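Now for the letters of each chain:
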Amino acid sequence: MSEHEHDDEDGYTGDATLVVGETELAVRVQLRGHFQPIDGYYHWYGRITASPELSTLLGGRKTKAEIRTPEGSAPCELSDPDTWDRYRVMGTSTPPFHVPKSLSEIEAATA
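Residues numbered from 1 in each chain as written. Predicted model: local features only at pLDDT ≥ 70, side-chain atom pairs only at ≥ 80, totals over all residues. Heavy atoms only, no water.

A. Highlighting the pattern of salt bridges. The final tally for this structure, using the stated rule, is six salt bridges. E24 is the partner of R68 in a salt bridge, and the nearest nitrogen-oxygen pair spans 3.3 Å. Linking R68 in strand β5 (residues 63-69) with E24 in strand β3 (residues 23-36), this pair joins segments that are 44 residues apart in sequence. The residue D82 makes a salt bridge to R47 at a minimum N-O spacing of 3.8 Å. In this pair, D82 sits in the loop between β6 (72-81) and β7 (87-92) while R47 sits in strand β4 (residues 41-48), placing the two residues 35 residues apart along the sequence. (Salt bridge = Lys/Arg side-chain N within 4 Å of Asp/Glu carboxyl O. Helix = DSSP H or I, 4+ residues; strand = E, 2+ residues; numbered from the N terminus.)

Right under this line is the structure:
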């Protein structure tokens, strides 16, 4: 199995680096996104697999961060963890994963 997989054309599941302040953490993420025509922005979001290091660093608080994948990087916001200690991650505009920008790219991804 590859280092990361694509479950659909607008998403990323795999390894990432989360940068919080001066701290870099290796994490596993599941990210998705969609274009919102009402505001004209691409909104992306997902979950970070439970990480004791991240929980210790954040202590359940919201914070700004940067997320890096092999496909790109983007500023993001981490919100309160869920019951399973998975932090939600969200961002607006260019996501840290590839998004098809043409019909031919979409068709190639589904072929």
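What follows continues from the structure just given.
B. Just the side chain of T13, in detail. As for its position among the elements, T13 is in strand β2 (residues 11-20). Here the side chain of T13 touches R32 through a polar contact of 3.2 Å, side chain to side chain. (Polar contact = N/O pair within 3.5 Å; in protein donor to acceptor, adjacent residues only side chain to side chain.)

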